[in-house]
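A structural walkthrough
Here is how the chains run, residue by residue.
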Amino acid sequence: MPHLHDHGLPLVQLKEQRRDLIVSLQNRNGPISGWELMQIAAVQQAITAFEEVIADLDAEAGMDAAA
């Protein structure tokens, strides 16, 4: 995946939050609760949405530069 400029969006923070949630689950011996899965899923959805917005902004900037 190409490096994307973050356009001031909290993409890095969201990825760090996702990593922290997953690491906290790795050190446990027991079932993962539905709430924990929902937290990870919500952060992942936000990451995906931000990546799509960033790709759109990059595409628009590329079109503006070409014009």
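Notes on the structure in this doc start here.

Some thoughts on helix α2 (residues 34-66)
Relative to the 48 Å expected for 33 residues at 1.5 Å per residue, α2 spans 48 Å between its end C-alpha atoms, a close match to the ideal helical length. Those residues of α2 not exposed but buried are E36, I40, V43, I47, E51 and I54. Looking at the buried residues of α2, the elements they touch are α1 (11-26).

A short note on the nonpolar core
Formed by L11, L14, L21, L25, I40, V43, I47 and I54, the largest nonpolar core amounts to eight residues. Looking at this core, the elements with two or more residues in it are α1 and α2. For I47, the residues in contact, after removing those within four places along its chain, are L11, L14, K15 and R18.

Describing the environment of I47
Locating I47 in the fold gives a position in helix α2. A residue is classified by how much of its surface remains accessible, and I47, at 1% relative accessible area, is buried. Considered as a pair, I47 and R18 are 29 residues apart in the sequence and their alpha carbons are 9.1 Å apart.

Cut-offs applied
Residues numbered from 1 in each chain as written. Predicted model: local features only at pLDDT ≥ 70, side-chain atom pairs only at ≥ 80, totals over all residues. Heavy atoms only, no water. Helix = DSSP H or I, 4+ residues; strand = E, 2+ residues; numbered from the N terminus. Expected span 1.5 Å × (residues − 1). Buried < 20%, exposed > 50% of the residue type's maximum accessible area, 1.4 Å probe, protein only. Contact = heavy atoms within 4.5 Å. Core = buried A, V, L, I, M, F, W, Y, C linked by side-chain atoms within 4.5 Å.

Don't take any of this as a statement about function, it's just geometry.
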